[in-house]
Structures are given as structure tokens and as C-alpha cells.
Amino acid sequence: MTGLRFILLILLAAASPLKASDGYELWLGHPPLSESEIQGVAEGLRALCAPSRGALQQTARREILEATERMLGSALAPVETVDQEGVLVLGTPESSSIIAGLDLADDLETLSEEGFLIRRLEVDGHPAIVIASAGDRGVLYGTFAFLRHLQVHRSLDKLDRMESPRFRLRLLNHWDNLDGSVERGYAGRSLWDWEELPEVTDPRLADYARANASIGLNGSVLNNVNASARSLEPEYLHKAAAIAGEFRPYGIPVFLSARFSAPMELGGLSTADPLDEKVSAWWKRKAEEIYRIIPDFGGFLVKANSEGQPGPLTYGRSHADGANMLAAAVEPHGGVVMWRAFVYDPEPGSDRIAQAYDAMKPLDGEFASNVLLQIKNGPLDFQPREPFHPLFGGMAETQLMPELQVTQEYLGHSWQLAFLAPMWREFLHADTHAKGPGSTVTATVDGSLFDQNLTGIAGVANTGSDRNWTGHPLAQANWYAFGRLAWNPDLTSEAIAREWIAMTLTRDEEAAATVERLLLESREAVVDYSMPLGLTHLMWEGHHYGPQPWCDHLGRPDWNPTYFHRADEEGIGFDRTKEGSNALAQYHPAVRSRFADPATCPDEYLLWFHRVPWDFEMKSGRTLWEELARHYQRGVDWVEAAREKWSGLKGKIDPEIHAEVAERLEIQERDATRWRDACLLYFGTFSKRPLPDGVGGPSQSLEEFRRQDPLDLEGP
Ligand code: GCW
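Remember, predicted model here, so these are calculated numbers, not experimental data.

Q: Can you break down the environment of Asn224 residue by residue, with the values?
A: Within the secondary structure layout, Asn224 lies in the loop between strand S8 (219-221) and helix H8 (234-247). Take Asn224: its relative accessible area is 2%, and that puts it in the buried class. Setting aside residues no more than four positions away along its own chain, Asn224 makes contact with His174, Trp175, Asp176, Asn177, Glu183 and Ser257. At 2.8 Å, the side chain of Asn224 and the side chain of Glu183 are in polar contact.

What follows is the structure in C-alpha cells.
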């Protein structure tokens, strides 16, 4: 490196936290290391010996060259042989004769095709670093893991590792419509420009796929589960193929949501009955057509007989009949069907949260081997806190696939900060007791506890056309966290936050520690100021932003907040014990008995499972009313403190990002206060008890809160 270049680099490195960034680069900015860091790395990392064979390995090679150039000031020198110290050797035994010649066969055999090992080894007598896999994808994931290590640790220490992803399918689900809108999207329009496609492909498509690959994701469902049949028309298949072409170098196959009635809408059939031969033949032909146009198409995602969507029940057939018919159509091509379990009775009757279990549990063992039943983490609908869905651990003969929501439909959209890794970990590590203690949700779906050949996990994406991809700059961390947990659900929230911060936001240790605490605490704060102690579904109708606990006029009773909180002068909460709806019976006896007794039920689920009087004595010794009020206050206090901490980071974080987050935190404080005041005023009309000391008095009347749609207030 020339002296001048070196000085320039140091200047750049020093200035990097202050340069204005629009957030587009996500965690892949690869800012330059400091002089001493570069010196620490330089000897061990000089040259790259990587085959330029196959699209994925070519991508890996390019990623290494570009990222090392940015981080170290000069790209590694491409070499063909290892005749010096510090060569990074990349490849599979097929693509690299050097890797084939190393004694790695046993290790590679223990890894999946997507797994990799990174090891410091002597190669031809020289100390080298090896990234090896049995498959092309593994080389790519190993490459990104190596670059992550370099960015986070800024050294080559503790580099040795062997990893395979825990789930086979790690997908983003896009609820994107053909008109460019995104259902529950808060970051602009859809990333897919259906009008311009297939002729014009936005460079963002490749950048999106690259970001996904860098965190180990391996597929995208392009269109909304509330699907239009048109997505399956040839015209749209060619557009999807153009997207697939941009994603391919990053190993991201596309999937489509399929509308169950498509044979009628597109094929002119008079029925969509899955047992009708004409219908199954139509789907077979459709699958053949799709695979002709998109040879590596992943398969279908289906929302059937749910919220007005068509499905097999219309014809007196079961969910399994519907799923298996579609599965047979894609099976010859290696495709899968993800059948959603988000169903509830068209006519409300029994407890809303118990209906999916009642509908699906009897079908255990009936689904084809290329079907996954895709189940939301909780039994209701992506609320800020829910207990795990009792189908997990409850369907031992069925391949289950968790569905998480990365977009913050019920957690403040992109206006509010809520880092979701702690919420997802709470779910993934919840103990179902399905096969005794320690039967975590993860263990019930990753193939370790039950015989499950095909595994998967899905996240409803929070990406959109906003320049920074996710609206709220810190919501990028949720995209990142989903990918990392899909790869390894055992990663801690702390580790994930730390990685993301170091790669994206700041290297200042103090600042990083402050941001880490803010991220880690943020979701609990949202629970505190919106739906504490197991309260749920209190949000404003339609858009689901802000409080509307009084709402009781929606089309069906179980869409109303009043259905869920059941507050009156006696008390509050939903009794799901034997005396109530008995939904608790859906859990394993060990889980059930813990939740069934208010004395052992954790506070955070109390009002989810129990109806208790306002003076109910909580574990803290306080009454329920006091405890509830304190939670609301605690949530508001947290946001107030968060704003102060964030403002102390000025100068340590990119100014544009700093200002943008500061602005959103201001809105978050306003709206957290609104949640507290509106809910406490409303619940106070029943409890008729004063607010405890230290809980702020509302600035508006309940009437005013009822009149003003919280989403009409000024946004960022
Ligand atoms: O959470 C609800 C959302 C709907 C969504 C539905 C689902 C795609 O409010 O917008 O529809 O869940 O998951 O199917």
C-alpha cells in the first residue's frame, strides 16, 4: 500500500462515523479498518485462491475481493496456488483441487450442503485460511460469515468454526400486491416493479438478494398471501422469472403465493375442488409451465379458507386435501407447498385463538412429504406478546414451519423502535414439553425431536422501496436478526445486536453498548405501553396503529378489542381455563397446569389466560390495577429515557441516521404516552380506581382519544 493511500484510509476510517449515510448499504458497508487493525490482519490475509466456477462461487469470490478492498485498502491478490503465507482458499472439493487435497472429507460430511467450515490450516507448507463446503451455497455463506467476522472482530482470531443452518428453508414472505402496494408494509412501495418487469430490472433486486444471502436466507415468496390469481398468468410468470434471474447469483429462488381458486379464474373451470381431476390436472399443467419459465422455482405458499380467501373447505374437502393436491403438482419438479395454519372460523363461535388448532390438529399425519404447515408464532396474530402456538409440539406427524412477522404491524409500524430478536427467541425457546422438559419450539420444528425431513422458517418482510429499505433505520436490525436466527436459533439477541451495530452503525464501544441496550429493551417497552400483562389486540381498527381498546363495532365480535380484554366493573382478561373457553387444553399438561393457575402463570400472560378482579393481588404484592398502570408508565418512561440516551450519541453515529432515529423516537414518545393515557382512561371507567403515584395524568379526555385516529397525527 502506498503511503498516501494509507493516510487517506486512516482519514476515512476516522471520519466514517460522521459521513452522511442514507442507510442503503445496510450491514454491508464494509468500512475501512484502522491502521493497527489492518496490520494485525495483513500477514494472515494476502491473497485469494478461489475458483471462478459456478454462479454462487463467483459471487463469493467477488464479495471477498470487493469487501477486502474496502476494509483493507487493497483487494487480495488472486492466486492459483498456495506458495506464500496468508492465502485465503475458498471452494468445494469439486471446485478446488486444493480443498480436495486437504483432509476435510469427514468434517464436510457432517455439514449440510449449505454448511461451511472456516479453518486456519497449513496448506502446502504455508499458513492459510480455508473456507470449504460440500456445496456452492455453503461457500457463499462461509464467505459472508468470514467477512462478518472480519467486520465485527477486526482480527483473524477465533476464526475457526463449522456451521450448518438449522432450517432447510429460510424465507422472506412478501405481502406485495401487483399494484405495487404492500399489505402491512411501512417502508414505501413494493421492491418489484411489475409494470417495468421483465424488460427493466432494478439494480435493487440484486442488492436485496445479496443482503438476504449475507444473512443466510435462501428464498423469497414474492406476492401477498391474499393472492391475485394473475400472479400465475404467463405474463406475470415471466416478470417473476426476471426477478429470479437477478436473485440467482445469490442463491435466492423465488416462490409464489397461489390463489386456490386460480383454476376457475384463469382456467375457466367451474370448480376448484381439489379432488376434481380437471382441477388437479390444471395445477399440474400450471406447475409444468412455471418450471419451464422458472426452472429453480421453489413452490407455493397458500392462505386458504382464511379471511375470505378461497380454499378446499368450500367443496367439503380438508386443508390436507387442498395442500396435497398442490403438492402433487410441484413434486415432480422438486417444489414444496407451504400451507398456512392462520385460519379461523368464518362464523365466530368458539374462542378465536383456539380455532386454528381445532382445524389443523385432526389432520396430523395427513400431509404429503413436500408440504409444510406454516404456523404463526402465537395462536392469535403477531401481537407484541403471545404465548407460543399450541400446534408447536402438538402435531408430531406433520412438518411444521414457524412464521414470524418482521414488519411491525402491531409493534408501531416503522414509526417506532422495536428490536424483535428477543421476541422471536422467547418463542423459539419456549418449552412445549412435547417430549418432556426441554422440548423447545425450535426442537419441535428443526427435525431433532420429531422426524421432519423438510424444515423451514418464514418471516413476513419489512422491506420496501424506501432508500434505507425498512423505513425506520433501526428496523434493518430486524431483517438482519430474522436471517441470523433462521440460520441459528440459538444465537443470543445480544450477539445479534452487537454484530448488526458493529457492521452498520458504529464502532465506538460506548456508543455501541448504548445502542445495544436500547435495541434489547425496546420490544418489552412496546409491550409495556401498549398491551402489558397479557392484554392483546387493543389496537386501532384497520391499520393497527395506536390504541382503541373501546372498539366494539367491527363486523365480527372477535375482531373487536372488547372481545379480547373483556373489561367490566368486575375485572379484566379472557378466561381460557376449564371454567372459561378451555383453550388451555390445547397445550401439553405440563404447560397447561403452569398457565392454568394464576399463581404460577407468568405475569406476562396473566390476562391472556385469566380473567381477574381489579384488586387481584399480583406477585409484586400490588393490585392488578396498580400493576397495569405501572407497566403503562414504565413503557413511557423507557421511551423518554431512550430519547435522552440517543441524543447523547450525536457525533458517534452517522448524522443523517442519528437525526432520523431521533425524530422517530420523538413520535414514539408521543404515541407511547397516547397508549398509556387512552388505555388507562378507558380501563379506569371500569376499575374506578385512582392512578397510582408516579403514573402520569392524561392530557386529553377519553372522548378526544376516541375521536382522533392516531395515524392521522403527524408522522416522520
Ligand atoms: O395479521 C393479519 C393481517 C392481514 C394479513 C393476515 C394474514 C395478509 O392484518 O393483513 O393478511 O394477518 O396473515 O393472512
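Q: How would you sum up the site of the ligand? Please name residues and give values.
A: Close contacts around the ligand come from 15 residues, with Glu183, Lys303, Arg340, Asp381 and Glu409 the closest. Here an oxygen atom of the ligand and a side-chain polar atom of Lys376 are 2.7 Å apart. Between the ligand and the protein, one listed contact pairs an oxygen atom with a side-chain N or O atom of Asp381 at 2.6 Å. Surface burial for the ligand is 97%, taken as the share of its 340 Å² of free accessible area covered by protein chains. When its residues are assigned to classes, the shell around the ligand shows four nonpolar, three polar and eight charged.

Q: Explain the sheet that holds strand S1 (residues 47-49) to me, using residue names and the numbers behind them.
A: Taken in spatial order, the six strands line up as S2-S1-S3-S5-S4-S6 in an open sheet, and their pairing is mixed. With partners counted over all chains shown, the strands left at the sheet margins are strand S2 (77-78) and strand S6 (161-163), one partner each. Across three bridges, the pairing between strand S4 (residues 116-123) and S6 is antiparallel. Looking at S6, one finds that Ile118 is bridged to Arg161. Packed onto the sheet, helix H3 (residues 55-72) meets S1, S2 and strand S3 (87-91) and runs at close to 160° relative to S3.

Q: Now, about the pattern of salt bridges: what can you tell me, with residues and values included?
A: Scanning the entire structure with this criterion turns up 42 salt bridges. A salt bridge links Asp558 to Arg556; the nearest nitrogen and oxygen atoms lie 2.7 Å apart. Its relative accessible area of 9% is what places Arg556 among the buried residues. One salt-bridge network, in which partners are shared between bridges, spans Arg385, Glu426, Arg523 and Glu524.

Q: Quick rundown of the nonpolar core? Include the residues and the values.
A: Residues Phe146, Trp283, Trp339 and Phe683 are the most contacted members of the largest nonpolar core, which totals 221 residues. Top contributing element to this core by residue count: helix H22 (residues 655-687), with 11 residues. Core analysis: the next-biggest nonpolar cluster, separate from the first, contains 17 residues, Val79, Val87, Ile99 and Leu104 among them.

Q: Describe the environment of Glu63, with residues and values.
A: For Glu63, the position within the fold is in helix H3. Placed 309 residues apart in sequence, Glu63 and Leu372 show a C-alpha to C-alpha distance of 33 Å. Those residues in contact with Glu63 that lie beyond four places of it in its chain are Thr143, Phe144, Leu147, Arg210 and Tyr250.

Q: Help me get a handle on the packing of helix H15 (residues 476-487) against helix H16 (residues 493-504), residues and values and all.
A: In a packed pair of helices, the relevant descriptors are the angle between the two axes and the axis-to-axis distance. At their nearest, the axes of H15 and H16 sit 10 Å apart, and the two run at 130° to each other. The angle between the axes of H15 and H16 places the two elements in the oblique class. The way H15 lies across H16 gives a crossing that is right-handed. In contact with Gln476, Ala477, Tyr480, Ala481, Arg484 and Leu485 of H15, H16 contributes Ile496, Glu499, Trp500, Met503 and Thr504. For the contact of H15 with H16, the class distribution of residues is seven nonpolar, two polar and two charged.

Q: Which residues make up the domain arrangement of the protein, and what are the values?
A: Where interface size is given, it is often the accessible area lost as the parts come together that is meant. The assigned domain composition of the protein is domain 1 (3-163), domain 2 (169-504) and domain 3 (528-574 + 611-712). Placing a centre on the C-alpha atoms of domain 1 and another on those of domain 2 gives a separation of 32 Å. On the side of domain 2, 29 residues touch domain 1, which itself brings 22 residues to the contact. Note on domain 1 versus domain 2: buried area summed over both sides is about 2400 Å², and carbon and sulfur give 57% of it. Interface area lost by domain 1 to domain 2 is led by Tyr24, Trp27 and Arg148, which between them contribute 34%. Along the contact surface separating domain 1 from domain 2 lie four salt bridges. The interface formed by domain 1 and domain 2 holds 14 residue pairs in polar contact (both at pLDDT 80 or more) in total. Elements that contribute at least two residues to the side of domain 1 that touches domain 2 include exactly H3 and helix H6 (136-153). Broken down by element, the side of domain 1 that touches domain 2 gets its largest block of residues, seven residues, from H6. A class-by-class count of the residues in the side of domain 1 that touches domain 2 yields 11 nonpolar, four polar and seven charged.

Analysis parameters
- Residues numbered from 1 in each chain as written.
- Predicted model: local features only at pLDDT ≥ 70, side-chain atom pairs only at ≥ 80, totals over all residues.
- Heavy atoms only, no water.
- Helix = DSSP H or I, 4+ residues; strand = E, 2+ residues; numbered from the N terminus.
- Buried < 20%, exposed > 50% of the residue type's maximum accessible area, 1.4 Å probe, protein only.
- Contact = heavy atoms within 4.5 Å.
- Polar contact = N/O pair within 3.5 Å; in protein donor to acceptor, adjacent residues only side chain to side chain.
- Near = heavy atom within 4 Å.
- Areas by Shrake-Rupley, 256 points an atom, 1.4 Å probe, with all protein chains shown as cover.
- Nonpolar A, V, L, I, M, F, W, Y, C, P; charged D, E, K, R; others polar.
- Pairing = 2+ DSSP bridges.
- Axes fitted to C-alpha atoms, helices over the stretch in contact; angles between N-to-C directions.
- Salt bridge = Lys/Arg side-chain N within 4 Å of Asp/Glu carboxyl O.
- Core = buried A, V, L, I, M, F, W, Y, C linked by side-chain atoms within 4.5 Å.
- Parallel < 35°, antiparallel > 145°, perpendicular 65-115°, else oblique.
- Left-handed = near helix turned anticlockwise from the far one by under 90°.
- Domains from an automatic or database assignment.
- Buried area = accessible area lost by both parts, 1.4 Å probe.

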